[in-house]
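An overview of the molecular structure
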Amino acid sequence: RKLPLACSVVILAVLSNQIGWLLMMPANPYRAKIFFGIYLFTDLILAFGSLFLLTSIFHLVAETSGGRGKGSSLYTVLSLALIPFWMITPSALILKSLGKGGFPLFPALWLITLGWTVALFVIGIREVYHLSWGKTAAIFILPLTGIILALFILFWLLLISLFLSAIYIFKFFPLAMDYM
């Protein structure tokens, strides 16, 4: 019963975030319509996918740490934690009315909203699994640190492979120039 509510919250949060950024960024209206649809579609996929992934990881770590809770409850709580992003569009409208002076405040306001959401994530994990603050902080920080470390290693491996591929290609480049 709570899943449709959670999905609606995610959709509205992504929509408000997109409209807010669209209002604050000067763009050609024709291009803005095209990119809005594309970004909205990809952001919805990323939002639902990342929520599912985060729920899975946090549930696994919380269960192994001795927490008692359900993954579906955690998904609902993490989805509801996105409600602060509903304030992005009204904030963008207020800042847009200030003229160009409001634009520098928008990224800072967005970061404050992100921090608020992260705080709600931590509180939600604590409430769903009935854990102490220390265990909740570990459950939140350790998997995210692992994900960031894995992405960092993957980035460097990709960079090294591109560099080695470029060396291999350019090693034969003078030979190719002889035939032209």
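My aim in this report is to walk through the structure given alongside it, one point at a time. Everything quoted here is computed from the prediction, not taken from an experiment.

Basis of the calculations
- Residues numbered from 1 in each chain as written.
- Predicted model: local features only at pLDDT ≥ 70, side-chain atom pairs only at ≥ 80, totals over all residues.
- Heavy atoms only, no water.
- Helix = DSSP H or I, 4+ residues; strand = E, 2+ residues; numbered from the N terminus.
- Rg over C-alpha atoms; globule rule 2.2 N^0.38 Å.
- Buried < 20%, exposed > 50% of the residue type's maximum accessible area, 1.4 Å probe, protein only.
- Phe/Tyr/Trp six-rings, centres within 6.5 Å; stacked < 30°, edge-to-face > 60°.
- Arc of directions from axis to C-beta.
- Core = buried A, V, L, I, M, F, W, Y, C linked by side-chain atoms within 4.5 Å.
- Axes fitted to C-alpha atoms, helices over the stretch in contact; angles between N-to-C directions.
- Parallel < 35°, antiparallel > 145°, perpendicular 65-115°, else oblique.
- Left-handed = near helix turned anticlockwise from the far one by under 90°.
- Contact = heavy atoms within 4.5 Å.
- Nonpolar A, V, L, I, M, F, W, Y, C, P; charged D, E, K, R; others polar.
- Patch = residues over 30% accessible without salt bridge, like charges linked within 9 Å, V, L, I, M, F, W, Y side chains within 5 Å.
- Areas by Shrake-Rupley, 256 points an atom, 1.4 Å probe, with all protein chains shown as cover.
- Salt bridge = Lys/Arg side-chain N within 4 Å of Asp/Glu carboxyl O.
- Polar contact = N/O pair within 3.5 Å; in protein donor to acceptor, adjacent residues only side chain to side chain.

This brings us to the overall build of the protein. Summing up its helical and strand segments, the protein has seven helices and zero strands in all. Secondary structure elements of the protein occur, N-terminal to C-terminal, as α-α-α-α-α-α-α. A globule of 180 residues ought to have a C-alpha radius of gyration of about 16 Å, yet the protein, at 22 Å, is considerably larger. Each principal axis of the C-alpha atoms in the protein carries an extent, and together these give about 70 × 50 × 30 Å. Out of the 180 residues belonging to the protein, those deemed buried represent 27%.

So, about the packing of aromatic side chains. One pass over the full model with this rule turns up six aromatic pairs. Centroid distance phenylalanine 152 to tryptophan 156: 6.2 Å. Interplanar angle 70°. Geometry classified as edge-to-face. Highlighted residues: phenylalanine 152 and tryptophan 156, both in helix H6 (residues 133–171), separated by four residues, approximately one helical turn. An aromatic cluster is present here, built from Trp21, Phe85, Phe106 and Trp110 joined pairwise through their rings.

We now examine helix H4 (residues 88–97). Turning to H4, its buried residues are Ile88, Thr89, Ser91, Ala92 and Leu95. On an axial view of H4, the arc spanned by its buried residues comes to 160°, and they lie on one face. Relative to its buried face, H4 has exposed residues pointing more than 90 degrees away, namely Ile94 and Ser97.

Time to look at the nonpolar core. Of all hydrophobic cores here, the largest spans 29 residues; its most connected members are Leu51, Phe58, Leu74, Leu82, Phe121, Ile125 and Tyr129. Looking at this core, the elements with two or more residues in it are helix H1 (3–24), helix H2 (29–64), helix H3 (71–80), H4, helix H5 (105–129) and H6.

Turning our eyes to something else, we now look at the packing of H1 against H5. Close contact between H1 and H5 brings their axes to 11 Å; oriented N to C, the two are set at 165°. Here H1 lies roughly antiparallel to H5, going by the angle between them. Relative to H5, H1 is oriented so that their crossing is left-handed. Counting all contacts with H1, which are made through Asn17, Gly20, Trp21 and Met24, the residues of H5 involved are Phe106, Pro107 and Trp110. Class assignment of the residues belonging to the contact of H1 with H5 gives a composition of five nonpolar, two polar and no charged.

A positive phi angle, near 55°, is found at histidine 130, a position not held by glycine. Residue histidine 130 is classed as exposed on the basis of its relative accessible area, which comes to 59%.

Take threonine 113: it is sitting in helix H5. Setting aside its immediate chain neighbours within four residues, threonine 113 contacts Pro84, Phe85 and Ile88.

Moving on, we get to a nonpolar patch on the surface. A contiguous nonpolar patch, built from Leu149, Phe152, Ile153, Phe155, Trp156, Leu157, Leu159, Ile160, Phe163, Leu164 and Ile167 and spanning about 1,100 Å² of accessible area, is present on the exposed surface. With respect to the element layout, leucine 149 can be found in helix H6.

Taken as a whole and judged by the stated rule, the model has one salt bridge. In this structure, glutamate 127 engages arginine 126 in a salt bridge whose closest nitrogen and oxygen atoms are separated by 3.2 Å. On the accessibility criterion, glutamate 127 (47% relative accessible area) is partly exposed.

Turning our eyes to something else, we now look at the side chain of threonine 55. Here threonine 55 lies in helix H2. On the basis of relative accessibility, which here comes to 7%, the residue threonine 55 falls in the buried class. A polar atom in the side chain of threonine 55 sits 2.7 Å from the backbone oxygen of leucine 51. Threonine 55 has contacts with Gly71, Leu74, Tyr75 and Leu78, leaving out every residue within four places of it along the chain.

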